[in-house]
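Now for the letters of each chain:
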Amino acid sequence: SVSNYTTAINLLTQNMMTMRGENTPEGNQGPDILALMPRYICFPAALRGTLLQLLNSESDPSSNNSGVRNINTGLVPIIEPLLDADSATAFYLFAEPNRVDTVEVTFLQGQEVPQIRSVLSEEKLSMTYYVLQSVGAKALNHRGIQKHAGA
């Protein structure tokens, strides 16, 4: 139900906000509370309607009182069908990327735009197009992501 998602988002937000800083050279958790706030919420395609209802409702969808404001309207929705292959109910919260380095995406020699190549086949009277892009991604820090395992 939508109220279960509201409760889960509140719990994940609390977890994200109370995360402690980077480990010290001795391997201990840093003393600083990072106070990260979620900015993006990523749901599988199976829960698209639930996510949009959860974020676009004026009032809190988990409350019977229409005067209770929905506190989740500031989250930016991301609907990712690739998540459905692993779980149709798990979802994620992500902090603002300028607050914490979470995942880094890099491109070969700065080629952020795909390279398009075409090959003409005179025997077949056809044109074949190849789209190439060299990209790499690496997880840097778990503190900016929270996962809810789903139902």
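Read on for a plain summary of the structure. Computed from a predicted structure; not experimentally measured.

This part takes up the sheet that holds strand β1 (residues 38–43). Spatially, the four strands line up as an open sheet ordered β2-β1-β3-β8, and their pairing is mixed. This sheet does not close on itself; its edge strands, each paired only once, are β2 (76–79) and β8 (145–148). Strand-to-strand twist in this sheet, taken as the mean axis angle between neighbours without regard to direction, amounts to 20°. When β1 meets β2, the two strands line up parallel, connected through four bridges. Bridge pairing in β2 places C42 opposite I78. With respect to the sheet, helix α1 (residues 2–17) is in contact with β1, β3 (91–95) and β8, its orientation differing from that of β3 by roughly 40°. Against the sheet, helix α2 (residues 48–56) touches β1 and β2, its axis set at about 175° to β2.

If you look at the biggest cluster of nonpolar residues, it comprises 18 residues, and the most contacted ones within it are I9, I41, F43, F91 and L93. Listing elements by their share of this core, those giving two or more residues are α1, β1, α2 and β3. With six residues, α1 is the largest single contributor of residues to this core. Look past the residues within four positions of L93 in its chain and what remains in contact with it is I9, L12, T13, M16, P38, Y40, I41, L75, G144, I145 and Q146.

With 16 residues, α1 extends 23 Å between its outermost C-alpha atoms, agreeing within 8% with the 22 Å of an ideal straight helix rising 1.5 Å per residue. Those residues of α1 that fall on the buried side of the exposure criterion are V2, Y5, T6, A8, I9, L12, T13 and M16. Each buried residue of α1 lies within a common arc of 165° when the element is viewed along its axis, so the set occupies one face. Opposite the buried face of α1, by more than 90 degrees, sit the exposed residues N4 and T7.

Conventions used here
Residues numbered from 1 in each chain as written. Predicted model: local features only at pLDDT ≥ 70, side-chain atom pairs only at ≥ 80, totals over all residues. Heavy atoms only, no water. Pairing = 2+ DSSP bridges. Helix = DSSP H or I, 4+ residues; strand = E, 2+ residues; numbered from the N terminus. Axes fitted to C-alpha atoms, helices over the stretch in contact; angles between N-to-C directions. Contact = heavy atoms within 4.5 Å. Core = buried A, V, L, I, M, F, W, Y, C linked by side-chain atoms within 4.5 Å. Buried < 20%, exposed > 50% of the residue type's maximum accessible area, 1.4 Å probe, protein only. Expected span 1.5 Å × (residues − 1). Arc of directions from axis to C-beta.

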